[in-house]
Amino acid sequence: MRYVMVQIPNTPSSASPAPRSVPTSADVARLAGVSRATVSYVLNNTSAVRISEPTRRRVHEAAKELGYVPHAAARSLRAGHSRMVLMPAPAIPVGPLYGQFLNELQWALGRLDYTVVQYGTVGLQGDEAARAWAELRPVAVLVPGAGLGPQGVAVLKRAGASAVVTLGPEGVEGAHALLMDHDGVGHCAGAHLYARGRRRIGVVVPEEPGLEAFSRPRLKGLREALRGTDATVTELPLAHDERAAAELAARWRDFGLDAVFAYNDEYAMLLMRALQDEGVRIPEDTAVIGADDLMLGRLLRPRLSTVHIELPSGRDLAELVDRAVRNPGAPPETHKVLGASMVHRDSS
């Protein structure tokens, strides 16, 4: 058997270029013809040092040309804290109204030179989640919903958080609180239906986990509005899917209801379509009310009556965060928010 030897030249491959070094503030300083301290002052928006506009422009142009961005961790070490505002992602379904509020909040905090970071804590709750948030060393934490306790607040503050703000039905010791008055949403719906002559009122109670923190206060508020009257209230558990809505609508006439407060506009639209498919006339047979005042509700036929909800201003909340960061020793503030007003349309 013959063997053939083949010699492969040992030459470096040209397929993969050498990795480029990460640009530093020294590179920016050389290109702009300034000191590293000047680069730091410009890129960190330091107001204590006067720097001419042409110099600022040269530094920004050099940083852009090199692709340089400041190192957030190093900046935090120098300042003693970060500019990160941590907002745990809600573990419950949220609708367009909350998304709009979050966008406004992020914009307002950005104007104050903070960065909002949403953090997903799947499987973590309460004080356990607070320990995970603390690892990121945020300067402030905005906690939507319930679950955080005083111990979790203490963990966050020991990790350097100057402000902990909760958005929920109750305050937490040591934290600033925005109290969400969901009772008022239900009260508004119940008072409207009673004034329209409705006496057998159903209330949708979502089956999705986590929404009971909102649905139960709304149910309670509606009951309070009807206390001492001849009206009756029937709870209607409902999952947010077409099959569940169709099954509920198929049994509708057995309930003998002449009105329903459907928790919010999304559940109201789901149920209203199912009821119409069953031949239930709206509002002649059953009045339907939602909440949130979404634009889509105005496009339905009949147009959806709803409770308009006034969420806290993103600008006001950003200013609360900034006050707390600047004065961490101040006592916690408590504000009652979430105004509710009735919007009467065709469905009621």
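For every chain, the first residue of its written sequence is number 1, and the numbers climb from 1 along that sequence. The predicted origin of the model limits local features to residues at a pLDDT of at least 70 and limits the giving and counting of side-chain atom pairs to 80 or more, whereas totals for whole chains, interfaces and linings rest on all residues. Values shown for side chains rest on all heavy atoms present in the structure; no hydrogens or waters enter the calculation.

**As for a negative patch on the surface**
The patches reported here contain residues having more than 30% relative accessible area and no salt bridge. Joining distances are 9 Å for like charges and 5 Å for nonpolar side chains (Val, Leu, Ile, Met, Phe, Trp, Tyr). All accessibility values rest on the Shrake-Rupley procedure with a 1.4 Å probe; residue burial counts only the protein chains present in the view. The rule for a salt bridge is simple: a side-chain nitrogen of Lys or Arg has to be within 4 Å of a carboxyl oxygen of Asp or Glu. Only four residue types enter the tally: Lys and Arg on the positive side, Asp and Glu on the negative side, with His and both chain ends excluded. Note on charges: their place is set at NZ of Lys, CZ of Arg, CG of Asp or CD of Glu. Together, Glu207, Asp241, Glu242 and Glu247 line one region of the surface with negative charge. Within the fold, Glu207 resides in the loop between strand 6 (200-206) and helix 9 (212-226). Only DSSP runs of H or I covering at least 4 residues are called helices, and only runs of E covering at least 2 are called strands; the numbering of each starts at the N terminus.

**Notes on the sheet that holds strand 10 (residues 305-310)**
Note on pairing: two strands pair once DSSP finds at least 2 bridges between them. With mixed pairing, the 6 strands of this open sheet are ordered in space as 7-6-8-9-10-12. The open sheet is flanked by strand 7 (232-238) and strand 12 (339-343), the only strands paired with a single partner. Sheet twist, expressed as the average angle between the axes of neighbouring strands with direction ignored, equals 20°. Where strand 10 meets strand 12, 5 bridges bridge the pair, whose relative direction is antiparallel. Bridged to His308 within strand 12 is Ser341. Angles here are taken between N-to-C directions and fall from 0 to 180 degrees, while the axes themselves are lines fitted to C-alpha atoms, restricted in helices to the stretch in contact.

**Observations concerning a nonpolar patch on the surface**
A surface patch of nonpolar side chains, about 340 Å² in accessible area, is lined by Met295, Leu296 and Leu299. In this structure, Met295 sits in helix 13 (residues 295-299). The buried label goes to any residue with under 20% of its type's maximum accessible area, the exposed label to any with over 50%, and the partly exposed label to all in between, with areas taken from a 1.4 Å probe on protein chains only. Classification of Met295 by relative accessible area gives exposed; the value is 58%.

**Thoughts on the sheet that holds strand 1 (residues 84-88)**
Picture the strands of a sheet paired through backbone hydrogen bonds; they go either parallel or antiparallel. A sheet is described by the order of its strands in space; here 6 strands give the open sequence 2-1-3-4-5-11, paired in parallel fashion. Each edge of the open sheet is held by one strand with a lone partner, namely strand 2 (115-119) and strand 11 (334-337). Strand-to-strand twist of the sheet, defined as the mean angle between neighbouring strand axes without regard to direction, takes the value 15°. Two strands pair when backbone bridges link them, and strand 1 and strand 2 are joined in this way by 5 bridges, in the parallel orientation. Across the sheet, residue Met87 finds its bridge partner in strand 2, namely Gln118.

**Observations regarding the pairing of strand 9 (residues 287-291)**
Counting buried positions along strand 9 yields 5 of 5 residues, so the element is predominantly enclosed. With burial as the criterion, each face of strand 9 is covered, one bearing Ala287, Ile289 and Ala291 and the other bearing Val288 and Gly290. In this sheet, strand 9 lies alongside strand 8 (residues 259-261) in parallel orientation, the contact comprising 3 bridges. The residue bridging Phe261 from the neighbouring strand is Ile289, located in strand 9. Read from strand 8 through helix 12 (residues 265-277) to strand 9, the crossover connection turns out right-handed. By the bridge criterion, 3 bridges tie strand 9 to strand 10 in an arrangement that is parallel. The crossover handedness rule: strands pointing away from the viewer, path from first strand over the helix to second strand clockwise, crossover right-handed.

**A closer look at the confidence of the model for the chain**
Per residue, pLDDT measures the predictor's confidence, with a range of 0 to 100. When pLDDT is averaged across the chain, the result is 84; 86% of the residues are at 70 or more. Within the chain, strand 8 carries the highest mean pLDDT (98), whereas helix 4 (residues 72-79) carries the lowest (56).

**Concerning the environment of Arg315**
Residue placement: Arg315 occurs in helix 14 (residues 314-326). Separated by 204 residues in the primary sequence, Arg315 and Arg111 have C-alpha atoms spaced 9.6 Å apart. In contact with Arg315, other than residues within four places in its own chain, are Glu104, Trp107 and Ala108. By definition in these notes, contact holds between two residues if any of their heavy atoms fall within 4.5 Å.

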